[in-house]
Amino acid sequence: MSERHDARASEQGPPAATLPASVKVSVLFRSLLVQAAWNYRTMLGTGMAFALTPVLRHVHDDPAEVERAVARHASLFNAHPYLASLALGALGRMEMDGVDPAQVERFRAALPGPLGAIGDRLVWAGWLPLCSLLGITISAAFSIAAGVVTFLLVYNAGHLAVRFWGFELGWSAGLSLGSRLGGLGLAREARRVEAGICLLIGVVSGVLLTDLAGGGASSLLVLCGVLALLAGHVSGPRAWRPTAWIVTLGVGVLAGAGHFFSL
Amino acid sequence: MTELLLLALIGGVVAVDGVAAVQSMVSRPLVVGWVVGLLVGEPVLGGQIGVLLELYLLVAVPSGGGRHPEGGIATVVAVAAAAAVSPSAAAAGLGVAAGLGWGWIAGESQALLRRWNARRADDPTHHLGVRDVVRAQLLGLGADFGRGAVLVVVGVLLARVLAPLLAGPWPASPMLTWALVSMGALASLGIVLRGVAETRGRAVLFGVGLLAGAFLLGGA
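Residues numbered from 1 in each chain as written. Chains lettered and ligands numbered in written order. Predicted model: local features only at pLDDT ≥ 70, side-chain atom pairs only at ≥ 80, totals over all residues. Heavy atoms only, no water.

**Side note on the overall build of chain B**
1) Next: A tally of regular secondary structure across chain B gives eight helices and zero strands.
2) Next: Starting at the N terminus and ending at the C terminus, chain B contains elements arranged as α-α-α-α-α-α-α-α.
3) Next: With the C-alpha coordinates of chain B rotated into their principal frame, the extents come out at 65 × 50 × 25 Å.
4) Next: With 220 residues in all, chain B has 58% of them scored as buried.
5) Next: If you take every contact in chain B between residues at least 6 apart in sequence, the share linking residues at least 24 apart comes to 78%.
6) Next: About 8,200 Å² of surface is accessible on chain B, with carbon and sulfur atoms providing 70% of the total.
7) Next: The centroid of the 13 positive side-chain charges in chain B is displaced by 5 Å from the centroid of its 11 negative side-chain charges. (Helix = DSSP H or I, 4+ residues; strand = E, 2+ residues; numbered from the N terminus. Buried < 20%, exposed > 50% of the residue type's maximum accessible area, 1.4 Å probe, protein only. Contact = heavy atoms within 4.5 Å. Areas by Shrake-Rupley, 256 points an atom, 1.4 Å probe, with all protein chains shown as cover. Lys, Arg positive; Asp, Glu negative; His and termini not counted. Charge placed at Lys NZ, Arg CZ, Asp CG, Glu CD.)

**Thoughts on the overall build of chain A**
1) Next: Looking only at helices and strands, chain A features 12 helices and zero strands.
2) Next: Beginning at the N terminus, the succession of helices and strands in chain A can be written as α-α-α-α-α-α-α-α-α-α-α-α.
3) Next: In terms of overall size, chain A is more extended than a compact globule, its C-alpha atoms giving a radius of gyration of 24 Å where 263 residues would be expected to give roughly 18 Å.
4) Next: Here the C-alpha coordinates of chain A stretch approximately 80 × 45 × 35 Å along the principal axes.
5) Next: When each of the 263 residues of chain A is scored for burial, the buried share is 50%.
6) Next: When contacts within chain A are restricted to residue pairs at least 6 apart in sequence, long-range pairs at least 24 apart make up 74% of them.
7) Next: Surface accessibility of chain A: about 11,600 Å² in total, with carbon and sulfur atoms responsible for 67%. (Rg over C-alpha atoms; globule rule 2.2 N^0.38 Å.)

**A look at the interface of chain A and chain B**
1) Next: Taken together, the 93 residues of chain A in the interface contact 91 residues of chain B.
2) Next: Summed over both sides, the interface of chain A with chain B buries roughly 8,000 Å², with 75% coming from carbon and sulfur.
3) Next: Together, Tyr-40, Trp-124 and Trp-240 of chain A form the three largest contributors to the area buried by chain A at its contact with chain B, with a combined 10%.
4) Next: Inspection of the chain A/chain B interface yields one salt bridge.
5) Next: Between Glu-194 of chain A and Arg-202 of chain B there is a salt bridge; the shortest N-O distance is 3.0 Å.
6) Next: Between the two partners, chain A and chain B, sit 20 residue pairs in polar contact (both at pLDDT 80 or more).
7) Next: Listing elements by their share of the side of chain A that touches chain B, those giving two or more residues are helix H3 (45-59), helix H4 (63-73), helix H7 (112-141), helix H8 (144-173), helix H10 (186-213), helix H11 (218-235) and helix H12 (240-257) of chain A.
8) Next: At 18 residues, H10 of chain A tops the list of elements feeding residues into the side of chain A that touches chain B. (Buried area = accessible area lost by both parts, 1.4 Å probe. Salt bridge = Lys/Arg side-chain N within 4 Å of Asp/Glu carboxyl O. Polar contact = N/O pair within 3.5 Å; in protein donor to acceptor, adjacent residues only side chain to side chain.)

**Section: a nonpolar patch on the surface**
1) Next: Where nonpolar side chains cluster on the molecular surface, the patch consists of Val-150, Val-154, Leu-158, Val-161, Leu-162, Leu-165 and Leu-166 of chain B and spans about 610 Å² of accessible area.
2) Next: By relative accessible area, Val-154 of chain B is classed as partly exposed at 40%. (Patch = residues over 30% accessible without salt bridge, like charges linked within 9 Å, V, L, I, M, F, W, Y side chains within 5 Å.)

**Topic: helix H4 (residues 71-85) of chain B**
1) Next: The terminal C-alpha atoms of H4 of chain B, which comprises 15 residues, lie 21 Å apart, in line with the 21 Å expected from a rise of 1.5 Å per residue.
2) Next: Most of H4 of chain B is tucked away, with 14 of its 15 residues classed as buried. (Expected span 1.5 Å × (residues − 1).)

**Regarding the nonpolar core**
Soluble globular proteins tend to pack their nonpolar side chains together in the buried interior.
1) Next: Leu-133, Tyr-155 and Ile-201 of chain A together with Leu-55 and Leu-189 of chain B are the most contacted members of the largest nonpolar core, which has 97 residues in total.
2) Next: Top element by residues in this core is helix H7 (residues 174-196) of chain B. It accounts for 12 residues.
3) Next: If we ignore the near neighbours within four places in the chain, the residues touching Leu-55 of chain B are Leu-133, Ile-136, Val-204 and Leu-208 of chain A together with Ala-185, Ser-188 and Leu-189 of chain B.
4) Next: Grouped together as the second largest cluster of nonpolar side chains are 42 residues, Val-27, Leu-28, Val-66 and Phe-107 of chain A included. (Core = buried A, V, L, I, M, F, W, Y, C linked by side-chain atoms within 4.5 Å.)

**What to know about the packing of aromatic side chains**
1) Next: Considering all chains together, one arrives at six aromatic pairs over all chains under this definition.
2) Next: In this structure an aromatic cluster arises from ring pairing among Tyr-82, Trp-124, Phe-151 and Tyr-155 of chain A.
3) Next: One Lys or Arg, Arg-30 of chain A, reaches over the ring of Phe-50 of chain A and ends 4.4 Å from the middle of that ring.
4) Next: For Arg-120 of chain B, the ring lying beneath its charged end belongs to Trp-116 of chain B, and the centroid distance is 3.9 Å. (Phe/Tyr/Trp six-rings, centres within 6.5 Å; stacked < 30°, edge-to-face > 60°. Lys NZ or Arg CZ within 6 Å of the ring centre and 35° of its normal.)

**A closer look at the packing of helix H2 (residues 21-31) of chain A against H3 of chain A**
Between two packed helices, the angle of one axis relative to the other and the distance separating the axes together describe the packing.
All names here are of chain A.
1) Next: At their nearest, the axes of H2 and H3 sit 7 Å apart, and the two run at 160° to each other. The angle between the axes of H2 and H3 places the two elements in the roughly antiparallel class. Crossing of H2 over H3 shows right-handed handedness. The residues of H3 that touch H2, namely those facing Val-23, Ser-26, Val-27, Arg-30 and Ser-31, are Phe-50, Ala-51, Thr-53, Pro-54, Val-55, Arg-57 and His-58.
2) Next: Taken together, the residues that form the contact of H2 with H3 break down as six nonpolar, four polar and two charged. (Axes fitted to C-alpha atoms, helices over the stretch in contact; angles between N-to-C directions. Parallel < 35°, antiparallel > 145°, perpendicular 65-115°, else oblique. Left-handed = near helix turned anticlockwise from the far one by under 90°. Nonpolar A, V, L, I, M, F, W, Y, C, P; charged D, E, K, R; others polar.)

**What about the side chain of Ser-85 of chain A?**
1) Next: The topology assignment puts Ser-85 of chain A in helix H5 (residues 84-96).
2) Next: Once residues lying within four places of it in the same chain are set aside, the contact partners of Ser-85 of chain A are Val-162, Arg-163, Gly-166 and Phe-167 of chain A.

Listed below in structure tokens is the structure:
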């Protein structure tokens, strides 16, 4: 019984240490700027040090110790910017608990892979296209203003919730963040979001193809539209640049051809 | 002049929102197209171009250090180019082409900014202190804002000069021009679909959506 209790306690991390609300709010606001100095050498490093500074000042009384901690946290770090709040919470907690800097460094080195992969799938390839397609669908159904407002409200409700939740989870988990991440069921959430994207891609494709059907040479244009959709689906991401080039070139050809004849 | 200054301000804001700060997605083409359309007196055209570029750039997300076209700046220039020739049939085509081209240039300028940021972030001569970090953050933000504003001013001025020259003898009907740019948007949707439609159930969802879009919303 006691062993089971110990195992659960270890999984859930140490009892939560308290952080003054003003410090927490300051870190969360600063985390919005975590990519302000994004660069190819330290990536989010500078932003992480900037966002963690209020915690470091709260934890360390000696200004020289604060400077040393800032220097440590300004080194190379990469993560999805929204999920960086998870790392900020966990790293802040580790500083509060007085964890050995070498162990903090190992922890920092292990986090970027999982946080980048989860964030890319859940946000960049999931939540953003879902909200974007929802906004476009609302634009088609009602008005562009309604679509834009819906997009911004829905997207940012999720975005800000992830940042806040991430910091809280990171702070409560501390060193055990890695094991806690695995049990969150984020992959299941990502699958739900992807199902929604499928539905909305269908809706927007239907609207675009119907628009093409309204033209003079309707069946030919609809056929071309279906082929374009299929070509994108078959080719995948490598087709994106050629698509952009072909459309730009097509517009250029039309502009040039205008000098000679009219279609 | 006031309009150009406001566009420059929007350029700075969307450049910063794209990666450096907040990432609230006010920098997405869907939002920027509508806002700039209102500003230049073409809300419908701005909204249409915003929707098209949003679809094109669904696959170009600000992920890590990847180079991607910058949608916010691209859309400001795209709407300015389209508005410069509206109501010509060329408007949507020239707008989207200008946006795609300028988006790439903006993306490359972001890569330059990231190299410039690296000088302060990783100084081998001394460890960064609190002041250095704050300075690097502020300079990064300021430079990104300035980059967006300058790119928009240059792009809009070029668009206003070149777009009327290109649109003058435009040979295609509005429908054909719209079809051309819609094809690219549909291809982009196909690319996104490939990444998410892994099961038969999702293919069914796509089909249901397609029918709903065509019969309930088509022609809206």
